[in-house]
Amino acid sequence: MKKSHIAREKIKNKAAAVIFFVLLVLCGVIAVFGGKDVPILMYHNVCENAADADSMTVSAEKLEADIVWLRDHGYTTILPRDLISGGALPEKPVILSFDDGYRSNYELLFPLLQKYGAKAEISVIVSNID
């Protein structure tokens, strides 16, 4: 096979794996990889004050409490690429998923991820980027 054909096949395989994972996240299911259940915690938007939280928004304080709880109970945040790679997963993997790519993902979520050494998957609606 030509190198370009092999490269296209690799891209197709990775794209199929990413699409599969996105479907899992959208369905809110627990993924099973390598015999391990991988919980997927789905979030939408993050707000600064608990009073502004609603069914689609979590306060930064509550999100931090969630991250601390996960850490204190032995969970390790992973990314979709960790599943796709086929490598070994931590003992208690978990995926934090945020949809739509709100600015709060950078302003409020990112500092928490840095503080706790955690990872999160953020799906951005690219048509909404200005």
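Let me sum up the structure you'll find in this document.

Definitions and cut-offs
- Residues numbered from 1 in each chain as written.
- Predicted model: local features only at pLDDT ≥ 70, side-chain atom pairs only at ≥ 80, totals over all residues.
- Heavy atoms only, no water.
- Patch = residues over 30% accessible without salt bridge, like charges linked within 9 Å, V, L, I, M, F, W, Y side chains within 5 Å.
- Areas by Shrake-Rupley, 256 points an atom, 1.4 Å probe, with all protein chains shown as cover.
- Salt bridge = Lys/Arg side-chain N within 4 Å of Asp/Glu carboxyl O.
- Buried < 20%, exposed > 50% of the residue type's maximum accessible area, 1.4 Å probe, protein only.
- Phe/Tyr/Trp six-rings, centres within 6.5 Å; stacked < 30°, edge-to-face > 60°.
- Lys NZ or Arg CZ within 6 Å of the ring centre and 35° of its normal.
- Core = buried A, V, L, I, M, F, W, Y, C linked by side-chain atoms within 4.5 Å.
- Helix = DSSP H or I, 4+ residues; strand = E, 2+ residues; numbered from the N terminus.
- Contact = heavy atoms within 4.5 Å.

## Considering a nonpolar patch on the surface
- A cluster of nonpolar side chains, namely Ile122, Val124 and Val126, defines an oily patch on the protein surface of about 260 Å² accessible area.
- Assessed through its relative accessible area of 42%, valine 124 is described here as partly exposed.

## Section: the packing of aromatic side chains
- Inspection of the entire model under this criterion finds three aromatic pairs.
- Between tryptophan 69 and tyrosine 75, the ring centres sit 6.1 Å apart and the planes meet at 25°, which makes this aromatic pair stacked.
- Looking at tryptophan 69, the relative accessible area reads 46%, which means it is partly exposed.
- Sitting above the plane of the tyrosine 75 ring, lysine 92 keeps its charged end 4.4 Å from the centroid.

## As for the nonpolar core
- Among the nonpolar cores identified, the biggest contains 16 residues, and Val46, Leu63, Leu96 and Phe98 are the most heavily contacted of them.
- Of all the elements in the fold, those that place two or more residues in this core are helix H2 (60-72), strand E7 (93-100) and helix H4 (104-116).
- Look past the residues within four positions of leucine 63 in its chain and what remains in contact with it is Tyr43, Val46, Val58, Phe98, Leu109 and Leu112.
- Among the nonpolar cores identified, the runner-up in size contains six residues, and Val38, Ile40, Leu89 and Ile95 belong to it.

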